[in-house]
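Structural description and commentary
Now for the letters of each chain:
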Amino acid sequence: MNQPAITVIINNNTYSLSTSNAEAIHSIPNADRQQLIALLEVIKQQESAAQSPVRQATTETTGTVYNAGNPINHQAIKSERLASGDVDSIMAQLIMEEKSKQKPGLTKQTIYKWVVGVAIVIILLVLVL
């Protein structure tokens, strides 16, 4: 069974790869091939971590994630997947933070203060003129 070709862009170079075409794989420069291998390893680790919770726990403790380009800050990345309840609670927290940062809207009390203030200014202007 022939699998379809996969087009990959690495460092602005486009490669068309398939499992049946070994020549295309060998034509990739070594630096680009190493980056592709590193990316595929991370994908493989993520896939295996998603399939078994036991493996996911061991991956979190060891923190063995490889990145060919830039180093990863392991403390900033959580490799566990969020459950739908976790996502909902995070969204609720974000919404509450945004609401607390917003200025309060107009209330009846503020409207009354403005009306009284404008009326006092008008009365003072009439008295002065």
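Residues numbered from 1 in each chain as written. Predicted model: local features only at pLDDT ≥ 70, side-chain atom pairs only at ≥ 80, totals over all residues. Heavy atoms only, no water.

In terms of helices and strands, the protein carries five helices and two strands. Reading the secondary structure of the protein in the N-to-C direction produces β-β-α-α-α-α-α. Considering the protein as a whole, with its 129 residues, one finds that 10% of them fall into the buried category. Across the protein, the fraction of contacts at a sequence separation of at least 24, relative to all contacts at a separation of at least 6, is 21%. Of the roughly 11,200 Å² of accessible surface on the protein, a fraction of 61% belongs to carbon and sulfur atoms. (Helix = DSSP H or I, 4+ residues; strand = E, 2+ residues; numbered from the N terminus. Buried < 20%, exposed > 50% of the residue type's maximum accessible area, 1.4 Å probe, protein only. Contact = heavy atoms within 4.5 Å. Areas by Shrake-Rupley, 256 points an atom, 1.4 Å probe, with all protein chains shown as cover.)

Summarising the sheet, strand 1 (residues 6-10) and strand 2 (residues 13-17) pair through five bridges and their orientation is antiparallel. Paired with threonine 7 across the bridge in strand 2 is serine 16. Linking strand 1 to strand 2, which pair antiparallel, is a turn of two residues; within it asparagine 11 sits at a positive phi near 50°. (Pairing = 2+ DSSP bridges.)

Right, let's get into the nonpolar core. The biggest cluster of nonpolar side chains holds seven residues, and these are Val8, Ile10, Tyr15, Leu17, Ala24, Ile28 and Leu36. Secondary-structure elements contributing two or more residues to this core are strand 1 and strand 2. Sequence-distant contacts of valine 8, that is, excluding residues within four places in its chain, are made with Asn13, Thr14, Tyr15, Leu17 and Leu36. (Core = buried A, V, L, I, M, F, W, Y, C linked by side-chain atoms within 4.5 Å.)

Here we come to the side chain of aspartate 32. By the element assignment, aspartate 32 lies in helix 2 (residues 30-51). Within the buried set, aspartate 32 has no salt-bridge partner at all; the shortest N-O distance to an opposite charge, 9.3 Å, is to arginine 33. Polar contacts involving the side chain of aspartate 32 include one to the side chain of asparagine 13, which spans 3.4 Å. Leaving out residues up to four positions away in the same chain, aspartate 32 has contacts with Ile10, Asn11, Asn13 and Tyr15. (Lys, Arg positive; Asp, Glu negative; His and termini not counted. Salt bridge = Lys/Arg side-chain N within 4 Å of Asp/Glu carboxyl O. Polar contact = N/O pair within 3.5 Å; in protein donor to acceptor, adjacent residues only side chain to side chain.)

Here we come to the confidence of the model for the protein. Taken as a whole, the protein shows an average pLDDT of 77; of its residues, 72% reach a score of 70 or greater. By mean pLDDT, helix 3 (residues 53-62) is the weakest element of the protein at 53, and helix 5 (residues 108-128) is the strongest at 94. (pLDDT = per-residue confidence, 0-100.)

On to helix 2, then. Taking 1.5 Å of rise per residue, 22 residues should cover 32 Å, and helix 2 covers 31 Å from first to last C-alpha, within 8% of that figure. Within helix 2, the full set of buried residues consists of Asp32, Leu36, Ala38 and Ala49. One face of helix 2 carries all of its buried residues, which in axial projection span an arc of 160°. With respect to the buried face of helix 2, the exposed residues turned more than 90 degrees away are Lys44 and Gln51. (Expected span 1.5 Å × (residues − 1). Arc of directions from axis to C-beta.)

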